[in-house]
Amino acid sequence: MLILNKTARVFSNPSKRKIYEYLRSFNFHPGKVFLHKLVLGIETSCDDTAAAVVDETGNVLGEAIHSQTEVHLKTGGIIPPVAQQLHRENIQRIVQEALSISKVSPSELSAIATTIKPGLALSLGVGLSFSLQLVDKFKKPFIPIHHMEAHALTIRLTNKVEFPFLVLLISGGHCLLALVRGVSDFLLLGKSLDIAPGDMLDKVARRLSLIKHPECSTMSGGKAIEHLAKQGNKVHFDFKPPMQRAKNCDFSFTGLQHIIDKTIMQKEKEEGIEKGQILSTAADIAAAVQHTTACHIAKRTHRAILFCKQRDLLSQSNAVLVVSGGVASNLYIRKALEIVANATQCTLLCPPPKLCTDNGIMIAWNGIERLRAGLGILYDTEGIRYEPKCPLGIDISKEVGEAAIKVPRLKMEI
């Protein structure tokens, strides 16, 4: 956890001068009157620089995003100082674009909302520092945003969803199950004990050298696995889902990744090829990995639904399961979750793909939700901190494990 005077130094002096010039450039004349609350959302928690203006009815008035995916594909993963520098270079332009498209001047904003936790420290620092300068210049309230809370609440922008509902957040950096009882009221049922599923899929894709595959060269690791898996046979490799004996809602992906690495090494020896060359069985491995990952996620989610219904935390007849985060765009994993939802009489809802990955819209919407509820609105930002690691809600995962709910076997015919 780093204090503000450290975050303020994320910009070099020339960058600061540019920002002050940018702030002075806002000389808007009185124009149309906005009757709704308007929030500018700024997102820099990982490798996307994003901003958006959203009103209280859920209208997205303007948005802009700069993706760093292409750069990080070349380096084989996200290098925090590189991500930080790219945020520095693009944040001013992205915020300006979002405001310009929305035809909203900073003076017309009701508040500025920014991701301050969790995420990469160097990336979070850029967004926080820039936002605080906007807040100071235009004397606006500041709404600090928890990245995972924003992902969880996005569905309320696109669908009419009332509290409570169950949310599964699966991405390259996170994996958790939580009961959402209110805007900032979460019960954490389970989380990954090691790495996230998106991270594991990316690592498997790198180990398979899928960036060298002609059909996958411009795709992220997870997308490459999903694409290649369509051509493979999932039963050619028998990878067991992790934690089968643990009757809780936690996840684990590191052990599975090690088993896959060993399998790839063995197949390379059998085929007489060196590391870095593409195996003839790459599609089969991709299919098996994806299927095992889907089964693991589905079973933990199934147990979470049963636990919530057993404790009357969710409706018995019209419960809602929301799935969000980058991995939620994987249609195979989504189909596995549809099987669970159908078996438990739940409605499965997913935000549109572009709102599953990191974006400014979800941050602005989270700001709207908090503004309407009167929660976490700061008029004094002195001492505000960013937090690279930060849990979500109240952790009741131990209670879930103690319940030891046995999950009925479902046929995962996808």
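Definitions and limits used
- Residues numbered from 1 in each chain as written.
- Predicted model: local features only at pLDDT ≥ 70, side-chain atom pairs only at ≥ 80, totals over all residues.
- Heavy atoms only, no water.
- Helix = DSSP H or I, 4+ residues; strand = E, 2+ residues; numbered from the N terminus.
- Contact = heavy atoms within 4.5 Å.
- Areas by Shrake-Rupley, 256 points an atom, 1.4 Å probe, with all protein chains shown as cover.
- Lys, Arg positive; Asp, Glu negative; His and termini not counted.
- Charge placed at Lys NZ, Arg CZ, Asp CG, Glu CD.
- Axes fitted to C-alpha atoms, helices over the stretch in contact; angles between N-to-C directions.
- Parallel < 35°, antiparallel > 145°, perpendicular 65-115°, else oblique.
- Pairing = 2+ DSSP bridges.
- Buried < 20%, exposed > 50% of the residue type's maximum accessible area, 1.4 Å probe, protein only.
- pLDDT = per-residue confidence, 0-100.

Draft legend 1. How the structure looks around the overall build of the protein. Each helix and strand counted, the protein has 15 helices and 11 strands in total. If one aligns the C-alpha atoms of the protein with their principal axes, the spans along those axes are about 70 × 55 × 35 Å. If you take every contact in the protein between residues at least 6 apart in sequence, the share linking residues at least 24 apart comes to 76%. Counting every atom, the protein has about 18,300 Å² of accessible surface; 52% of that belongs to carbon and sulfur. Charge-centre separation for the protein: the mean point of 50 positive side chains lies 2 Å from the mean point of 39 negative side chains.

Draft legend 2. Highlighting the packing of helix H8 (residues 197-207) against helix H9 (residues 221-229). With their axes 7 Å apart at the nearest point, H8 and H9 run at an angle of 70° to one another. In terms of their interaxial angle, H8 and H9 are classed as roughly perpendicular. Only Gly221, Gly222 and Ile225 of H9 make contact with H8, whose side of the interface consists of Leu201, Asp202, Val204 and Ala205.

Draft legend 3. The sheet that holds strand S7 (residues 175-182), seen in detail. If you trace the six strands from one edge of the open sheet to the other, you get S10-S9-S6-S7-S8-S11, paired in mixed fashion. A strand with exactly one partner marks an edge of an open sheet, and here the two such strands are strand S10 (346-349) and strand S11 (394-395). Seen against the sheet, helix H11 (residues 282-310) touches strand S6 (165-170), S7, strand S8 (185-191), strand S9 (319-324) and S10 and runs at an angle of roughly 160° to S6.

Draft legend 4. Structural view of the side chain of Thr114. One can find Thr114 in strand S4 (residues 111-117). The class for Thr114 is buried, based on a relative accessible area of 0%. In this structure Thr114 touches Ile42, Gly127, Leu128, Ser131, Phe142, Ile143, Pro144, Ile145 and Ile363, once residues within four positions along its chain are discounted.

Draft legend 5. Fine view of the confidence of the model for the protein. Averaged over the protein, the pLDDT score is 91; the fraction of residues at 70 or greater is 92%. Here residues 1-14 scores under 50 on pLDDT; set against residues more than four positions off or in separate chains, the count is 30 contacts. Per-residue pLDDT stays below 50 along residues 26-34; that stretch engages in 12 contacts with residues further than four places along the chain or on separate chains.

Draft legend 6. Representation of the pairing of strand S5 (residues 142-146) in the model. The buried fraction of S5 amounts to five of the five residues, a majority that puts the element mostly inside the structure. Of the two faces of S5, the one carrying Phe142, Pro144 and His146 and the one carrying Ile143 and Ile145 are both buried. Bridge count between S4 and S5: five bridges; the pairing is parallel. For Ala113, the partnering residue across the bridge sits in S5 and is Ile143.

Draft legend 7. Here's a closer look at the sheet that holds strand S3 (residues 60-67). Taken in spatial order, the five strands line up as S3-S2-S1-S4-S5 in an open sheet, and their pairing is mixed. The sheet is open, and its two borders are formed by S3 and S5, each paired with just one other strand. Taking each pair of neighbouring strands and ignoring which way they run, the sheet shows an average axis angle of 20°. As judged from the seven bridges shared by strand S2 (residues 48-55) and S3, these two strands associate in the antiparallel manner.

Draft legend 8. Inspection of the environment of Pro80 at higher detail. Position of Pro80 among the secondary structure elements: in helix H4 (residues 80-102). Judged by its relative accessible area of 32%, Pro80 falls in the partly exposed class. A C-alpha to C-alpha distance of 8.3 Å links Pro80 and Cys46, two positions 34 residues apart in sequence.

Draft legend 9. Quick look at the environment of Gly125. Within the element layout of this structure, Gly125 appears in helix H5 (residues 121-138). Overall, Gly125 belongs to the buried group, its relative accessible area being 0%. Considered as a pair, Gly125 and Pro408 are 283 residues apart in the sequence and their alpha carbons are 45 Å apart.

Draft legend 10. View of unusual backbone geometry. For the peptide bond that leads from Phe163 to Pro164, omega is -5°, which places it in the cis range. Note that Pro164 resides in the loop between helix H7 (155-158) and S6. With a phi angle near 55°, Asp312 is a residue other than glycine that sits in the positive phi range. With respect to the element layout, Asp312 can be found in the loop between H11 and S9. For Asp312, a relative accessible area of 62% puts it in the exposed group.

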